[in-house]
There are 2 protein chains.
Amino acid sequence: MSGRKVKNMEEFAVVSGISRPTVSKFFHDPESVRKSTRRKIEAALEQYDYRPNIFAINQNRKLTKTVGIVVPYLADPFFAEIARKIERRCIEAGYWPTLFSSHGERKYESDILETLRSLKPAGVLLAPVGRASDRAAVETFCKNVPTVLFDSNIEDMGAAFVGSDNFSFVSQSVDYLTRSGSAPVFFEMRTPPNPNANKRRLAYIEIMEKLNFKPQIIQVEGEGWEFEQFGYQGAMRVLAGDELTSDTVLCSNDRLAIGFLAAAYEKGVQVGIGPSATLRVASHDDHPFSRFTCPSLTTVAHDYEAVSNRSVETLFRLIEEGGTFDSRDETLFPARLILRASA
Amino acid sequence: MSGRKVKNMEEFAVVSGISRPTVSKFFHDPESVRKSTRRKIEAALEQYDYRPNIFAINQNRKLTKTVGIVVPYLADPFFAEIARKIERRCIEAGYWPTLFSSHGERKYESDILETLRSLKPAGVLLAPVGRASDRAAVETFCKNVPTVLFDSNIEDMGAAFVGSDNFSFVSQSVDYLTRSGSAPVFFEMRTPPNPNANKRRLAYIEIMEKLNFKPQIIQVEGEGWEFEQFGYQGAMRVLAGDELTSDTVLCSNDRLAIGFLAAAYEKGVQVGIGPSATLRVASHDDHPFSRFTCPSLTTVAHDYEAVSNRSVETLFRLIEEGGTFDSRDETLFPARLILRASA
DNA sequence: ATCTATTTTTAACGCGCGCAAATTTTGAAT
DNA sequence: ATTCAAAATTTGCGCGCGTTAAAAATAGAT
């Protein structure tokens, strides 16, 4: 890392004593050249610190090595976490991931898809903003770019979907709550941005009826992704009135639960499973912060690892097969109950 | 959006009835062409849905429109939030921001800087991982790419630094705590990854001495960025013993405080300002979740808006001035005390 | 030393657009 | 109709690398 500056592959080929096409081949796949030439190039690489120009590379390739990752809301640690895992997998596979956040808004999502189209990525992993998504925009995008949806499904869009099994979440939480106490009331947003919420509600109703309990649903107001705030406000109202028909509350997701617990604390309502507690609260997702709520949150965990791994694998398979699958398969991973102090 | 496919600017120029150089000019700046031609191009744009090839564009430009944004840990909502603000500003200014997270690790940060170099960005906004940073790598990077540091400073690196005034944080929290009760013990990590922590400790000591109080510092173990966990473990130990020499604790940052509050709750220690409370806890940062802790966290807030705005403005000024400033100026924004229930 | 399969070299074109100089057209003012 | 600056066009090179076909060199086996 000392010698003269090297502007391009031509110059680098000269100083390494190898022809340019061979050098080009090397950067494509170091194993594809003879060992002796590889060593020469690597030696030159240490002296001259040259890197091929990304833009020039991608200009002529039919198949870019870029992969787009789009999440609905990056300020949500849940998505930050899963994005991180996916990013890492892509890098390991030799791809170049680029991360985007829709910030919960249709306009951003559409803009990102536009940007992605001109990036000509090999493939895209898309977690749509859900209800706010511009279905037409997503659809045309999926037709032009190999896309795998994850986390939140939109019917018939993308070549595949990978996510968690919402039924599995609710079945485990309701099962546990009814066995260990009384049947839960379901606490959710009236207009949730994410379709998973709807699936969870339906699962709740189905499971409760199967167990011969009457489903009770409390829906709180709020538009957007500030779930904690909506949970807090809703809980303040609920805890002030007599809307609560059970001593057990099952929140649709952890972020609502975090708000709920904050409200309960403020109202002096003892949450937990001890003898002094008057309310149990459980939830779904195993949000990174759910271990640190007061009390710590009993919840049902995504199989983060499985979802991110399978998403990436599926995308790579899709890319290899030329951008389309024979049929659109949906993979749902089961969830895992995490018992903590709140229920 | 119906007509034949248009592969490149040449073809698009033909179908829009305008010459290619003029079309090129249009995409650079729509205002730079005559109104009548602009209308023709825009009309063709609606019919043919053409977008210039990003790679080809950036290949020849001396000055890319790309801007790199690097944060140390994106799963921390604090950084997710500030990254979001910065992203938006860049887009508004016509730049193309690309977001990277170092995930708290030196290796990732160095890799990102490598990647960024080959991206040839117009400029980079870098929040270093701090203690873990490879100073040599950061230094050479800053020499080659116009860079503005933010949030966490590294002396003499980058063309400028924009962040919050750590002294202002601590001065306000200590002032408030001493006036409203007793002087606080300072609760922090023994080996914090972020240099801001050191500045806060020094500020604490200085302010306490000025007020004629004896500084008391509790340092907890932990390597990495799982601050809540370290705060929780540390607090469990502290609350079990008699290390606590005051009824007031000032945490170095909110994430530690979140862990601390979880431990206090578990230990049955009443935190807050009411008559029944035995412990006050305050902190710094105004983390997005600090409103929802139990009790809600009294803290000192960054001026997010000002920091992100000034960072971006500074970078653009730097770019305009050709990549260097006459002198390296450090901008520190004052913080704002947020009174809540915990202290 | 001879043969063969593999690898490297040579030579040259193409990608899509930036950019510049010289020329022509335009539109508004005289 | 004349003038003239501003805008648009023509022409053509260059960017850095992918890619290919044919020629040459290399390495391993006989």
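Residues numbered from 1 in each chain as written. Chains lettered and ligands numbered in written order. Predicted model: local features only at pLDDT ≥ 70, side-chain atom pairs only at ≥ 80, totals over all residues. Heavy atoms only, no water.

**Some remarks on the relation of the copies chain B and chain A**
Once chain B has been moved 0.0 Å along the axis and rotated by 180°, it coincides with chain A to within an RMSD of 0.1 Å. The superposition operator between the copies reduces to a two-fold rotation axis. The C-alpha atom lying nearest the rotation axis in chain B is that of Phe55(B); the distance is 2.3 Å. When you check the interface residues of chain B against chain A, 98% turn up at the interface there too, and the contact is symmetric in its surfaces. (Least-squares fit on C-alpha atoms with pLDDT ≥ 70 in both. Contact = heavy atoms within 4.5 Å.)

**Points about the sheet that holds strand S8 (residues 248–251) of chain A**
Whether parallel or antiparallel, the strands of a sheet pair through hydrogen bonds between backbone atoms. Residues and elements named next belong to chain A. Read across the sheet, 6 strands follow the order S7-S6-S8-S9-S10-S12 without closing on themselves; strand pairing throughout is mixed. On the outer flanks of this sheet lie strand S7 (217–220) and strand S12 (336–338), each paired with one strand and no other. Strand-to-strand twist across the sheet, computed as the mean angle between neighbouring axes with direction ignored, equals 20°. For S8 and strand S9 (residues 280–285), the ladder comprises 3 bridges, and the chain directions are parallel. Counted as the bridge partner of threonine 248 is arginine 280 from S9. Packing of helix H9 (residues 195–210) onto the sheet brings it into contact with strand S6 (185–189), S7 and S9, and relative to S6 it is tilted by some 165°. Contacting S6, S8, S9 and strand S10 (298–301), helix H11 (residues 254–267) crosses the sheet at an angle of about 155° to S9. (Pairing = 2+ DSSP bridges. Helix = DSSP H or I, 4+ residues; strand = E, 2+ residues; numbered from the N terminus. Axes fitted to C-alpha atoms, helices over the stretch in contact; angles between N-to-C directions.)

**Some remarks on the interface of chain B and chain A**
Tallying the contact residues gives 46 residues for chain B and 45 residues for chain A. The contact between chain B and chain A buries some 4300 Å² in all, and 63% of this surface belongs to carbon and sulfur atoms. Between Asp49(B) and Arg117(A) there is a salt bridge, with the nearest N and O atoms lying 3.7 Å from each other. Between chain B and chain A we count 8 residue pairs in polar contact (both at pLDDT 80 or more) in total. Elements represented by at least two residues in the side of chain B that touches chain A include exactly helix H4 (54–60), helix H5 (77–92), strand S2 (96–101), helix H6 (106–119), helix H10 (227–240) and helix H11 (254–267) of chain B. (Buried area = accessible area lost by both parts, 1.4 Å probe. Salt bridge = Lys/Arg side-chain N within 4 Å of Asp/Glu carboxyl O. Polar contact = N/O pair within 3.5 Å; in protein donor to acceptor, adjacent residues only side chain to side chain.)

**Some remarks on the sheet that holds strand S9 (residues 280–285) of chain B**
All names here are of chain B. One open sheet accounts for 6 strands, arranged S7-S6-S8-S9-S10-S12; its pairing is mixed. In the strand order of this sheet, the two ends are held by strand S7 (217–220) and strand S12 (336–338), each with one partner. The sheet shows a mean angle of 20° between the axes of neighbouring strands, taken without regard to direction. With 4 bridges joining them, S9 and strand S10 (residues 298–301) adopt parallel strand pairing.

**Details of the environment of Pro52(B)**
Tracing the sequence through the fold places Pro52(B) in the loop between helix H3 (35–48) and H4. Among the residues examined, Pro52(B) registers a relative accessible area of 15% and is labelled buried. Sequence-wise, Pro52(B) and Met9(B) are 43 residues apart; in three dimensions their C-alpha atoms are separated by 6.7 Å. Beyond its immediate chain neighbours, meaning those up to four positions away, Pro52(B) contacts Ser118(A), Met9(B), Phe27(B) and Ile57(B). (Buried < 20%, exposed > 50% of the residue type's maximum accessible area, 1.4 Å probe, protein only.)

**Looking at helix H6 (residues 106–119) of chain A**
Residue and element names in this part refer to chain A. The end-to-end C-alpha distance of H6, which contains 14 residues, comes to 20 Å, matching closely the 20 Å that a straight helix rising 1.5 Å per residue would cover. Along H6, the residues that are buried comprise Tyr108, Glu109, Ser110, Ile112, Leu113, Leu116, Ser118 and Leu119. Positive phi appears at lysine 120, one or two residues downstream of H6, with a value of about 45°. (Expected span 1.5 Å × (residues − 1).)

**Topic: the side chain of Ser101(B)**
All names here are of chain B. Looking at where serine 101 falls in the secondary structure, it is placed in strand S2. Of note is the side chain of serine 101, whose polar atom sits 3.2 Å from the backbone nitrogen of leucine 74. For serine 101, the side chain forms a polar contact with the side chain of histidine 103, separated by 3.1 Å. Serine 101 has contacts with Val71, Pro72, Tyr73, Leu74 and Ile112, leaving out every residue within four places of it along the chain.

**Quick word on the pairing of S10(B)**
Side chains on a regular strand alternate between the two faces of the sheet. Residue and element names in this part refer to chain B. Taking every second residue as pointing to the same face, both faces of S10 are buried, with Thr298 and Val300 on one and Thr299 and Ala301 on the other. Relative to S12, S10 runs antiparallel, the two being bridged by 3 bridges. From the neighbouring strand, threonine 299 faces S12, where its bridge partner is isoleucine 338.

**Notes on the domain arrangement of chain A**
The domain architecture assigned to chain A consists of domain 1 (9–52), domain 2 (66–164 + 305–333) and domain 3 (166–301). Domain 1 of chain A and domain 2 of chain A are separated by 34 Å when their C-alpha centres are compared. (Domains from an automatic or database assignment.)

**As for the packing of H5(B) against helix H12 (residues 304–320) of chain B**
For any two helices packed against each other, one specifies the crossing angle of their axes together with the interaxial distance. Residues and elements named next belong to chain B. One can describe the packing of H5 onto H12 by two numbers: an axis separation of 9 Å at closest approach and a directional angle of 45°. Classified by the angle their axes make, H5 and H12 are oblique. Crossing of H5 over H12 shows right-handed handedness. Listed contacts from H12 to Phe78, Glu81, Ile82, Lys85, Ile86, Arg89 and Cys90 of H5 are Tyr304, Glu305, Val307, Ser308, Asn309, Val312 and Phe316. (Parallel < 35°, antiparallel > 145°, perpendicular 65-115°, else oblique. Left-handed = near helix turned anticlockwise from the far one by under 90°.)

**So, the nonpolar core**
Formed by 122 residues in total, the largest nonpolar core has its most connected members in Phe187(A), Phe260(A), Val281(A), Phe187(B), Phe260(B) and Val281(B). Once residues within four sequence positions are removed from consideration, Phe187(A) is found in contact with Ile218(A), Val220(A), Gly231(A), Gly234(A), Ala235(A), Val238(A), Val249(A), Leu250(A), Cys251(A), Ser252(A), Leu256(A) and Phe260(A). In terms of nonpolar packing, the next biggest core, distinct from the first, is built from 38 residues, Ile54(A), Ile112(A), Leu149(A) and Ile54(B) among them. (Core = buried A, V, L, I, M, F, W, Y, C linked by side-chain atoms within 4.5 Å.)

**Considering a negative patch on the surface**
Among the surface-exposed residues, Asp29(A), Glu31(A), Glu42(A) and Glu46(A) lie close enough to one another that they form a single negatively charged patch. For Glu42(A), a relative accessible area of 36% corresponds to the partly exposed category. (Patch = residues over 30% accessible without salt bridge, like charges linked within 9 Å, V, L, I, M, F, W, Y side chains within 5 Å. Areas by Shrake-Rupley, 256 points an atom, 1.4 Å probe, with all protein chains shown as cover. Lys, Arg positive; Asp, Glu negative; His and termini not counted. Charge placed at Lys NZ, Arg CZ, Asp CG, Glu CD.)

**Topic: unusual backbone geometry**
If a residue is not glycine, its phi is most likely negative; likewise, a peptide bond is most likely trans. All names here are of chain A. Of note, the bond from cysteine 294 into proline 295 is cis; its omega dihedral lies within 30 degrees of zero at -5°. Look at aspartate 286: it is not a glycine, yet its phi comes out positive at around 55°. Tracing the chain through its elements places aspartate 286 in the loop between S9 and S10. Relative accessible area serves as the criterion here: at 17%, aspartate 286 is assigned to the buried category.

**Topic: helix H9 (residues 195–210) of chain B**
Residues and elements named next belong to chain B. Over its 16 residues, H9 runs 23 Å from end to end, which matches the ideal 22 Å to within 8%, given 1.5 Å per residue. For H9, the set of buried residues is Pro195, Asn196, Ala197, Arg200, Arg201, Ala203, Tyr204, Ile207 and Met208. Residues of H9 that are buried sit in contact with helix H8 (166–180), strand S6 (185–189), S7 and S9. With a side-chain oxygen lying 2.8 Å from the backbone nitrogen of asparagine 196, the N-terminal cap of H9 falls on asparagine 194.

**Structural notes on the packing of aromatic side chains**
By the definition in use, this model includes 29 aromatic pairs over all chains. Aromatic side chains Phe12(B) and Tyr50(B) sit 5.0 Å apart centroid to centroid with 20° between the ring planes, which places their arrangement in the stacked category. In this pair, Phe12(B) sits in helix H1 (residues 9–16) while Tyr50(B) sits in the loop between H3 and H4, placing the two residues 38 residues apart along the sequence. What links up through ring pairs into an aromatic cluster is the set Tyr73(A), Phe78(A), Phe79(A), Trp225(A), Phe227(A) and Tyr304(A). When the ring centre of Tyr95(A) is taken as reference, the NZ or CZ atom of Lys65(A) above it lies at 4.3 Å. Here the guanidinium or amino end of Arg200(B) rests over the ring plane of Phe169(B), the centre of that ring lying 4.7 Å away. (Phe/Tyr/Trp six-rings, centres within 6.5 Å; stacked < 30°, edge-to-face > 60°. Lys NZ or Arg CZ within 6 Å of the ring centre and 35° of its normal.)

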